[in-house]
Amino acid sequence: MRRYSKTLSFKLISISTRIQFSSVQFKVKMNKNVLAVVVGIVLLLNFEACYGQLQVGFYNGRCGNQDVESIVNSVVTERFTSDPSIVAALLRMQFHDCFVNGCDASLLLDGVSSEKTAGANLNVRGFDLIDDSKTAIEQTCPGIVSCSDIVIMATRDAVALSGGLGARYEVETGRRDGFVSQATDVNLPGPAISVSGAIDLFDRKGLTGADMLVLLGGHTVGTAHCNFFHDRLWNFQNTGFADPSMDPALVATLQFLCPQFTNDPSVVVDLDQNPSSSNIVDNSFYQQISFSRGILEIDQKLALDPSTTDAVTILANDGDRFLNLFGTSMVRLGAVGILTGTAGEIRFRCNSVN
C-alpha cells in the first residue's frame, strides 16, 4: 500500500516552471527528467508506505517483554562509540544486500562463491556487528528475528547516532532471510556510471530518481580508495589530464595522496570533503559537490546533470529536508525484494542457512 500526497502547486512562467514547497521556490528548466527528480523529492516528503507484511513494531509482543530494537541499538551504540566509521559500513552493507537479491541478508552468507566473494563486496564490513546483534537476540528470543531485519535496524541506529535525532527514521520489520547467495548475481553501480544509468538501475529496483539522488547522499560518510577515482586525477577519459569538473585545488591535493604510478591500498579519502562533517550524516555532501569537490565521478555528475542539478541545490540548502528524505528513501530501499510470511527462513546464524 502506497499513499502519496497530490497537493503540489505548479505555476508556468514562459519556458520555465516554478516549483513551490514549504517557503522556498526553485526554478527548473521545463524538462521532464528535471521535473521527475525534483517532483520526486516533493512526493517523498509526503510518502507513507506499508509493504506486504512489513510493519513498524513487527516484533512487539513476539519476544515476551524483550524489546528487540533496543537490543540491536545497544550493540550498535557500543560499536559506534569506538568506531564511528561503522555508519558508512552499515549503509554500504544494506545497499549492497538490497540491490542484489533484495533485502534478504544474502550478502551475509559464507561460501566459496557467495555474494561476499564478489569484487564489489570484498571491502564490505560490519558482519561481526550483525553477528553480535543476532547472538544477543537469540539469547532471549530464539528463532524469531531475521538477520535481514537486524541489518535494517542496525543501519537505522547507526545513522541516528551519527546524524542526531533529526536523522532517526522508523523502520518496518517482518522480513525473512533468503537461501541464495551467488557472486555472479552481484551487479552494483560503479563510480563512473552516468546519472541516467543510475536512475534506470534504481528504477529496475522499484526506486525513483529522487531515491537515487537521496540515497547517494549516504556518501556524506565513508571513504574511497584511490583506485575508485584515480583516472579523474591523471587521465580522465583517456585525455591525459585531470577531470575538468573537479576543483583544481582538490585535484592537487588528491594527486599528492594518490600518485600517478602508485596504488597504495592503505590510502583512503573522505567522500565528504568538509573535514568537520565527513563522519556526520548531514547534507554537507551536496554542498561539496556543488563546489566541484565530489570524489567519485557519479557524485560530481549529480551536481552537473540537468536532471539532478536543481535537486542538489535544494538538498544543499536544507539539511532538515535531506534528513527527512534520506530516512524515507532508506525505508523504501529496505522494502526491495523482501521475503515475508512463509517465504525464506529465520536463520539461527547469519552467515549460514539452517
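Below is a short write-up of the structure. (Residues numbered from 1 in each chain as written. Predicted model: local features only at pLDDT ≥ 70, side-chain atom pairs only at ≥ 80, totals over all residues. Heavy atoms only, no water.)

## Things to note about the environment of S290
So the rule is basically this: Under the DSSP-based scheme used, a helix requires at least four consecutive residues in state H or I and a strand at least two consecutive residues in state E, with every element numbered from the N terminus. For the exposure calls, accessible area comes from a 1.4 Å probe over protein chains only, and a residue counts as buried if that area is under 20% of its type's maximum, exposed if over 50%, partly exposed in between.
Note that S290 resides in helix α10 (residues 284–290). On the accessibility criterion, S290 (39% relative accessible area) is partly exposed. Each C-alpha atom, one on S290 and one on L302, is 9.0 Å from the other, the two residues being 12 residues apart in sequence.

## Overview of the state of the cysteines
The criterion, for reference: Two cysteine sulfur atoms make up a disulfide if the distance between them is within 2.5 Å.
Evaluated as defined, the whole model comprises 4 disulfides. Between C63 and C141 runs a disulfide, and the two sulfur atoms are separated by 1.8 Å. Torsion about the S-S bond of the C63 and C141 cystine: about -55°, corresponding to left-handed handedness. Pair noted here: C63 is in the loop between β6 (55–56) and α2 (68–82) and C141 is in the loop between α4 (127–140) and α5 (147–163), with a separation of 78 residues, a long-range link. By the burial criterion, C63 is buried, and C141 matches it. Across the disulfide, C98 is cross-linked to C103 (sulfur-sulfur distance 2.0 Å). Judged by the sign of its S-S torsion, about 120°, the cystine formed by C98 and C103 is right-handed. In this structure C103 comes out as buried when scored by relative accessible area, which is 1%. Each bonded cysteine of the chain is numbered by sequence order, and under that numbering the disulfide pairs are 1-4, 2-3, 5-8, 6-7.

## Quick notes on the packing of helix α3 (residues 86–98) against helix α13 (residues 319–333)
Between two packed helices, the angle of one axis relative to the other and the distance separating the axes together describe the packing. Rules: Every axis in this analysis is a line fitted to C-alpha atoms, fitted for helices over the stretch in contact. Angles between the N-to-C directions lie between 0 and 180 degrees. Orientation categories follow fixed angle ranges, with anything under 35 degrees roughly parallel, anything over 145 roughly antiparallel, 65 to 115 roughly perpendicular, and all other angles oblique. Contacts between residues were defined by any pair of non-hydrogen atoms, one from each residue, lying within 4.5 Å. Each residue is assigned to one class: nonpolar for Ala, Val, Leu, Ile, Met, Phe, Trp, Tyr, Cys and Pro, charged for Asp, Glu, Lys and Arg, and polar for all the others, Gly among them.
At a minimum axis distance of 10 Å, the contact between α3 and α13 shows a crossing angle of 40°. Considering the angle they form, α3 stands oblique to α13. Residues L91, Q94, F95 and C98 of α3 pack against F326, M330 and L333 of α13. Partitioned by chemical class, the residues of the contact of α3 with α13 number 6 nonpolar, 1 polar and no charged.

## So, the packing of α3 against α5
Just so we agree on the cut-off: Helix crossings are classified by the rotation of the near helix relative to the far one: an anticlockwise turn of less than a right angle makes the crossing left-handed, while a clockwise turn makes it right-handed.
Look at α3 against α5: their axes get within 9 Å of each other, and the N-to-C directions meet at 145°. In this structure, α3 crosses over α5, and the sense of that crossing is left-handed. In this structure, α3 contributes V87, L90, L91, M93 and Q94 to the contact, and α5 contributes V151, I152, A154, T155, A158, V159 and S162. Here the contact of α3 with α5 is composed, by residue class, of 9 nonpolar, 3 polar and no charged.

## Some points on the packing of aromatic side chains
Threshold: A pair of Phe, Tyr and Trp rings is counted when the ring centres sit within 6.5 Å of each other, with Trp represented by its six-membered ring. The angle between the planes then sorts it: under 30 degrees is stacked, over 60 is edge-to-face, the rest tilted. Distance and angle both matter: a charge sits over a ring if NZ of Lys or CZ of Arg is within 6 Å of the ring centre and within 35 degrees of the ring normal.
Following the criterion strictly, the structure yields 7 aromatic pairs and no others. Plain terms: the ring middles of F95 and F99 are 4.4 Å apart, the flat faces sit at 25° to each other, and that makes the pair stacked. With respect to burial, F95 and F99 carry one shared label: buried. Put simply, the rings of F285, Y286, F322 and F326 touch in pairs and so form one group of aromatic residues. For R62, the ring lying beneath its charged end belongs to F58, and the centroid distance is 3.8 Å. When the ring centre of F127 is taken as origin, the NZ or CZ atom of K116, which lies over that ring, is 4.5 Å away.

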